[in-house]
Amino acid sequence: MYSTAQHPRTGRVRPEIESSWSRSRLNGLNEDRAPVLTQGSVAGDGILVRAARPVLDRGQAELDDARCALVLADREAHIIDVRCGDGAFGKALDAFGIAPGVRFGEEQVGTNAVGTPLETRKGLLVRGTDHFMTAFRGFACYGHPIIHPITRRTEGVVNIGALCGEEHPLFASLARRIVRDIEDRLQLNATRAQHRLLAAFQTAARSPRRPVMVVGQGIVLATPAALALLEPADHAAVQACVEGMCSRAADHRLTLVSGRTVRLRCVPVDGADGALIDIVADRPGRRGEDGTGIAAGWPLLVVGEPGSGRTTEALRVAGADAYVLDATDSVWQGEQVWARNMAALLDSAGDPVVIENIQLLSEQVTTLVVKCVRTSRRRTVLTSAPGEHLEGVHAPLAALCNARRDLVPLRRRRHDIPRLAQGMLAEEAGSGRARLTADSLRVLAAQPWPGNLAELRRVVRYVAGRRSAGDIVPSDLPASHRGVPAPSSPLRQAEREVIVAAIEAAGGNRLQAARALGVSRSTLYNRMRALRIH
């Protein structure tokens, strides 16, 4: 007798199941524990629901006499619709929490026929003990991802399931046919929108000298004047810049690979998920909004998330000869020794001083630093993680600074990612030897980048090590940064930032961060896993 996860002749676990089990364990799941499922809101409309609804109606009619269920989930593995003609089986599904609004990703329940096909972008049969969690091993399911035929983005998954021993051999064929019909409807709807985008572009392009683009529905159109301004990396930057802005008019500033600054004026195109973008070049010599090129006041406070370039910015302002004093060293030196060295340094004349990570200073040492900085004969730059500590225990230091520079997290300036990635690649592999393709740059621009510039540097170093010359395509990227993640909701993004700030304010002590947030440590760990906070 062998596990259903094993091949009937060799007895080996199927590679796709074994890989999924590994991911499930890495997500901190225990196969014998009861799944913890939470019910959220259900998307009542949208391109997937509109395309899938009539197809699911036909599928439900075909399965009406079968003791099975037809399930539709979105790209984040949230169940949107459950169709089941058998009342008793429907109650069994409800008892297991299989209902609209519940998320069935691998992070929540491990290997299953909703989350795993979304993870791999391939159809998958999950029968009995193929499931990671014991609670679901009474089910046999086949899931198949829905890939938008125009954008090639994963839109969701169709799952057909039954009790083990009652599954039909044609479940896989039926699921694939349903997916094919949904994809056909997605293409039809996209085609109508594309016609609207094309008409808007043709109208705008009547002026040959007008730099204008249209982005949306898997198409990118640009006039010759726009092409003359933009390098290949700039196209990905423009798309990242206007992503999520297609429903409202907006302006955005963008620095091109050439170093030239332009303003993007984005206007939504009626009846299409896309925008018309006018590219207006700034006058030469105009300074950027971030204040680059403007002399800093002293003392200067540089605030940014880990990996956002706090040290780089501090040294850019203070100079390469600046003396760096890191508050992290007070942990192993002892506060008294560290404070004594700091006081002696600031009391002497010389090059500027950079004091790193002031968020780690105790209240007593903070008071001493304030006194020393105020009377110091050296120019001083302080760096800090963001958080409420700058309005609490470290407020005296923040108030002492005559200037403050807040570094924007990489996830909030996705339009800069293509230019930064290409620049880092040139540094790692040599100028002109390797090139990130437009598709690779779009994938990179879509990542959440919790580690900011430092994380981007690690990814670029990885791909440079694998391919030192030629085109770097998405498959060359590390597996962790290869897929295009679904856009996070504002609420989830806000929750993520609150947790990250609490951990930073606690100096990495997660128990202390949990207390500050008013939750248990286990709850904090669960939310960190769900939000992919490392």
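Residues numbered from 1 in each chain as written. Predicted model: local features only at pLDDT ≥ 70, side-chain atom pairs only at ≥ 80, totals over all residues. Heavy atoms only, no water.

A. Looking closely at the pattern of salt bridges. One pass over the full model with this rule turns up 22 salt bridges. The residue Arg58 makes a salt bridge to Asp181 at a minimum N-O spacing of 3.8 Å. Of the two residues, Arg58 is situated in helix 2 (residues 47-62) and Asp181 in helix 6 (residues 171-204); the sequence distance between them amounts to 123 residues. With a closest N to O distance of 3.3 Å, Arg457 and Glu428 form a salt bridge. With Arg457 in helix 16 (residues 452-466) and Glu428 in helix 14 (residues 417-429), this residue pair connects regions lying 29 residues apart in the sequence. The class of Arg457 is partly exposed, set by a relative accessible area of 22%. Beyond isolated ion pairs, a larger network of salt bridges with shared partners links Glu427, Glu428, Arg457 and Arg461. (Salt bridge = Lys/Arg side-chain N within 4 Å of Asp/Glu carboxyl O. Helix = DSSP H or I, 4+ residues; strand = E, 2+ residues; numbered from the N terminus. Buried < 20%, exposed > 50% of the residue type's maximum accessible area, 1.4 Å probe, protein only.)

B. Local environment of the sheet that holds strand 7 (residues 219-222). With antiparallel pairing, the 5 strands of this open sheet are ordered in space as 7-6-10-9-8. For this open sheet the edge positions go to strand 7 and strand 8 (250-255), each flanked by a neighbour on one side alone. If you compare each strand with its neighbour and ignore which way they point, the axes differ by 20° on average. Across 5 bridges, strand 6 (residues 212-216) lies against strand 10 (residues 274-281) in antiparallel orientation. Of the residues in strand 10, the one forming a bridge with Met213 is Ile277. (Pairing = 2+ DSSP bridges. Axes fitted to C-alpha atoms, helices over the stretch in contact; angles between N-to-C directions.)

C. Quick look at the nonpolar core. Among the nonpolar cores identified, the biggest contains 25 residues, and Leu93, Phe104 and Val114 are the most heavily contacted of them. Elements supplying a minimum of two residues to this core: helix 1 (15-26), strand 1 (68-74), helix 3 (87-95), strand 3 (124-127) and strand 4 (139-147). Examining the composition of this core, we find that 3 residues originate from one element, strand 1, more than from any other. Other than its neighbours up to four places away in sequence, Phe104 contacts Leu37, Ala77, Ile79, Gly97, Ile98, Val109, Asn112, Val114, Gly115 and Phe136. In terms of nonpolar packing, the next biggest core, distinct from the first, is built from 24 residues, Val55, Leu56, Tyr142 and Leu174 among them. (Core = buried A, V, L, I, M, F, W, Y, C linked by side-chain atoms within 4.5 Å. Contact = heavy atoms within 4.5 Å.)

D. How the structure looks around helix 1. Compared with the 16 Å implied by 1.5 Å per residue over 12 residues, the 17 Å span of helix 1 between its first and last C-alpha is a close match. On its buried side, helix 1 packs onto helix 4 (106-109), helix 5 (115-120) and strand 3. Following helix 1 by one or two positions, Gly28 has its phi on the positive side, about 80°. (Expected span 1.5 Å × (residues − 1).)

E. Just the packing of aromatic side chains, in detail. Evaluated as defined, the whole model comprises 2 aromatic pairs. A centroid spacing of 6.3 Å and a plane angle of 50° characterise the contact between Phe89 and Phe139, whose relative ring orientation is tilted. Within this pair, whereas Phe89 is found in helix 3, its partner Phe139 is found in strand 4, the two being separated by 50 residues in sequence. Here Phe89 matches Phe139 in class, with each residue buried. Measuring from ring centre to ring centre gives 5.6 Å for Phe104 and Phe136, while their planes differ by 70°; the resulting arrangement is edge-to-face. Taken together, the residues span a long stretch of sequence, with Phe104 in the loop between helix 3 and helix 4 and Phe136 in the loop between strand 3 and strand 4 at a distance of 32 residues. Each member of the pair, Phe104 as well as Phe136, carries the same accessibility label: buried. (Phe/Tyr/Trp six-rings, centres within 6.5 Å; stacked < 30°, edge-to-face > 60°.)

F. Here's a closer look at a nonpolar patch on the surface. Among the surface-exposed residues, Val498, Leu517 and Val519 lie close enough to one another that they form a single nonpolar patch of about 200 Å² accessible area. Considering the arrangement of structural elements, one finds Leu517 in helix 18 (residues 510-517). Taking relative accessible area as the criterion, Leu517 reaches 30% and is therefore assigned partly exposed. (Patch = residues over 30% accessible without salt bridge, like charges linked within 9 Å, V, L, I, M, F, W, Y side chains within 5 Å. Areas by Shrake-Rupley, 256 points an atom, 1.4 Å probe, with all protein chains shown as cover.)

G. Structural detail: the pairing of strand 10. The buried fraction of strand 10 amounts to 6 of the 8 residues, a majority that puts the element mostly inside the structure. With 7 bridges connecting them, strand 9 (residues 261-268) and strand 10 associate as antiparallel partners. Residue pairing in the sheet places Val267 in a bridge with Leu276 of strand 10. Hairpin geometry of strand 9 and strand 10 is characterised by an intervening segment of 5 residues between the two adjacent antiparallel strands and by a positive phi of about 75° at Gly271.

H. Quick peek at unusual backbone geometry. Notably, Trp449 is not glycine yet its phi reads approximately 50°, a positive angle. With respect to the helices, strands and loops of the structure, Trp449 is situated in the loop between helix 15 (438-445) and helix 16.

I. Highlighting the confidence of the model for the protein chain. For the protein chain, mean pLDDT is 83; residues scoring 70 or higher make up 89% of the total. Confidence drops under a pLDDT of 50 for residues 285-296, and excluding neighbours within four residues, the segment shows 10 contacts in the predicted structure. (pLDDT = per-residue confidence, 0-100.)

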